[in-house]
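Summary of structural features
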Amino acid sequence: MYSIKKCAKRDGRVERFDRNRIQNAISKAFFESNEGNSDIAKKVTESVIERIIRSHIETVPHVEQIQDLVEYTLMDLNFTQTAKCYILYREKRNLARTRD
């Protein structure tokens, strides 16, 4: 079975892929929304990983693409409040990066 080994960062560097970063972000969004817990976050992360694998079999996924897939997965699984929390946090981080 194919697994994700690398991902591209915003600055262009390619680093080792870490699924825990996805799971932590989803867990934090669940905490904010009160829609889920760490066990559900793990299952959602598995769904996100499957989507990444399907869409990036021959390419290295970019962090922005991974974040988009997290959003789509949360919405597809009807975790709309969690998706909203995730999207708002992502926008807040993007604004902070543009100011730096």
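None of these values were measured; they are calculated from a predicted model.

Considering the nonpolar core
Taken as a class, soluble globular proteins show a tendency for nonpolar side chains to be buried jointly. With 20 residues, the main nonpolar core has Phe-17, Ile-22, Ile-26, Ile-52 and Leu-74 as its most contacted residues. Mapped onto this core, the elements with two or more residues apiece are helix H1 (19–33), helix H2 (38–55), helix H3 (63–76) and helix H4 (80–99). At six residues, the largest contribution of residues to this core is made by H2. With residues up to four places along the chain from it excluded, the contact list for Ile-52 reads Ile-4, Phe-17, Ile-22, Pro-61, Ile-66 and Leu-69.

Considering a nonpolar patch on the surface
Taken together, the side chains of Tyr-72, Met-75 and Ile-87 make up a nonpolar region of the molecular surface, amounting to roughly 260 Å² of accessible area. The topology assignment puts Tyr-72 in helix H3. With relative accessibility at 41%, the residue Tyr-72 sits in the partly exposed group.

Description of the environment of Lys-9
Its location among the elements puts Lys-9 in the loop between strand S1 (6–8) and strand S2 (14–16). C-alpha separation for the pair Lys-9 and Pro-61, spaced 52 residues apart in sequence, amounts to 9.1 Å. With near-sequence residues (within four places) excluded, Lys-9 lies in contact with Glu-15, Arg-21, His-62 and Val-63.

About the cut-offs
- Residues numbered from 1 in each chain as written.
- Predicted model: local features only at pLDDT ≥ 70, side-chain atom pairs only at ≥ 80, totals over all residues.
- Heavy atoms only, no water.
- Core = buried A, V, L, I, M, F, W, Y, C linked by side-chain atoms within 4.5 Å.
- Buried < 20%, exposed > 50% of the residue type's maximum accessible area, 1.4 Å probe, protein only.
- Helix = DSSP H or I, 4+ residues; strand = E, 2+ residues; numbered from the N terminus.
- Contact = heavy atoms within 4.5 Å.
- Patch = residues over 30% accessible without salt bridge, like charges linked within 9 Å, V, L, I, M, F, W, Y side chains within 5 Å.
- Areas by Shrake-Rupley, 256 points an atom, 1.4 Å probe, with all protein chains shown as cover.
- Salt bridge = Lys/Arg side-chain N within 4 Å of Asp/Glu carboxyl O.

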